[in-house]
Amino acid sequence: MAIKYSNKINKIRTFALSLVFIGILIMYIGIFFKGNAIIMTIAMLVGFLAVISSTVVYFFIGMLSTRAVPVQCPSCNQHTKVLGRVDACMHCNQPLTVDKTLEGLDFDENYNRKTTKT
């Protein structure tokens with residue numbers, strides 16, 4: 001079975017979207033505790049903080065996305081953004097690299113770490 005690669009920007013966006021839904025779910029659960037105002041208030045605040053933190057994550061990935069290198073994927077011929085030395089295409093999950101020394105090597109996300117030597 002082949003390894004499924006995924007783009008870093010899409011991973012972070014998925015995390016931020018899940019924070020929104022988790023926050024709304026926590027606030028919805030808080031409605032069931034109408035009788036106990038303290039538990040309901042805590043659930044509403046925790047849910048609200050999850051939604052606000054998703055906004056922070058979306059802002060962070062937006063700023064990070066402006067620094068990403070735009071490349072054209074050789075497989076699907078669509079433009080994608082690459083974070084770091086190696087990443088995957090946003091559309092077809094094809095492993096991509098912007099480092100000429102890594103061309104032809106097996107895809108490994110550890111190449112993005114500063115301590116990894118090629």
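Residues numbered from 1 in each chain as written. Predicted model: local features only at pLDDT ≥ 70, side-chain atom pairs only at ≥ 80, totals over all residues. Heavy atoms only, no water.

Undergrad: Please explain the overall build of the protein chain as it appears in this structure.
TA: When helices and strands are tallied, the protein chain shows two helices and four strands. Shown N-terminal to C-terminal, the secondary structure of the protein chain runs as helices and strands in the order α-α-β-β-β-β. Looking at the 118 residues of the protein chain, the share that counts as buried comes to 24%. Long-range contacts, defined here as pairs at least 24 residues apart, represent 44% of the contacts in the protein chain between residues at least 6 apart. With an accessible surface of roughly 8200 Å², the protein chain has 67% of that area assigned to carbon and sulfur atoms. (Helix = DSSP H or I, 4+ residues; strand = E, 2+ residues; numbered from the N terminus. Buried < 20%, exposed > 50% of the residue type's maximum accessible area, 1.4 Å probe, protein only. Contact = heavy atoms within 4.5 Å. Areas by Shrake-Rupley, 256 points an atom, 1.4 Å probe, with all protein chains shown as cover.)

Undergrad: What should I look at first to understand the pairing of strand 1 (residues 69-72) in this one?
TA: Pairing of strand 1 with strand 2 (residues 79-82) involves four bridges; the strand directions are antiparallel. In the strand pairing of strand 2, Gln 72 is matched with His 79. Between the end of strand 1 and the start of strand 2, which pair antiparallel, lie six residues, with Asn 77 showing a positive phi angle near 55 degrees. (Pairing = 2+ DSSP bridges.)

Undergrad: Help me out: how do you make sense of the nonpolar core in this one?
TA: Most often, soluble globular proteins keep nonpolar side chains buried together rather than apart. Among the nonpolar cores identified, the biggest contains five residues, and these are Ile 9, Ile 61, Leu 64, Ala 68 and Leu 83. When near neighbours in sequence (up to four residues on either side) are disregarded, Ala 68 contacts Ile 9, Lys 81, Val 82 and Leu 83. (Core = buried A, V, L, I, M, F, W, Y, C linked by side-chain atoms within 4.5 Å.)

Undergrad: Sorry, what's going on with a nonpolar patch on the surface here?
TA: A cluster of nonpolar side chains, Leu 25, Tyr 28, Ile 29, Ile 31, Phe 32, Phe 33 and Ile 39, forms an exposed patch at the surface whose accessible area comes to about 680 Å². With four residues, the single largest contributor to the nonpolar patch is helix 1 (residues 8-31). Here Phe 33 shows up in the loop between helix 1 and helix 2 (37-67). (Patch = residues over 30% accessible without salt bridge, like charges linked within 9 Å, V, L, I, M, F, W, Y side chains within 5 Å. Salt bridge = Lys/Arg side-chain N within 4 Å of Asp/Glu carboxyl O.)

Undergrad: Sorry if this is basic, but what is going on with the packing of helix 1 against helix 2 here?
TA: Geometry of a packed helix pair, given as the angle between the helix axes and the separation of the axes. At a minimum axis separation of 7 Å, helix 1 and helix 2 run at an interaxial angle of 165 degrees. The angle between helix 1 and helix 2 falls in the class roughly antiparallel. As helix 1 packs across helix 2, the resulting crossing turns out to be left-handed. (Axes fitted to C-alpha atoms, helices over the stretch in contact; angles between N-to-C directions. Parallel < 35°, antiparallel > 145°, perpendicular 65-115°, else oblique. Left-handed = near helix turned anticlockwise from the far one by under 90°.)

Undergrad: I keep staring at the environment of Ser 18 and nothing clicks. Help me out?
TA: The topology assignment puts Ser 18 in helix 1. Spatially, the C-alpha atom of Ser 18 lies 9.4 Å from that of Val 51, the residues being 33 residues apart in sequence. A polar contact of 2.6 Å, which involves the side chain of Ser 18, links it to the backbone oxygen of Phe 15. (Polar contact = N/O pair within 3.5 Å; in protein donor to acceptor, adjacent residues only side chain to side chain.)

The values reported here are purely geometric and, on their own, carry no functional implication.
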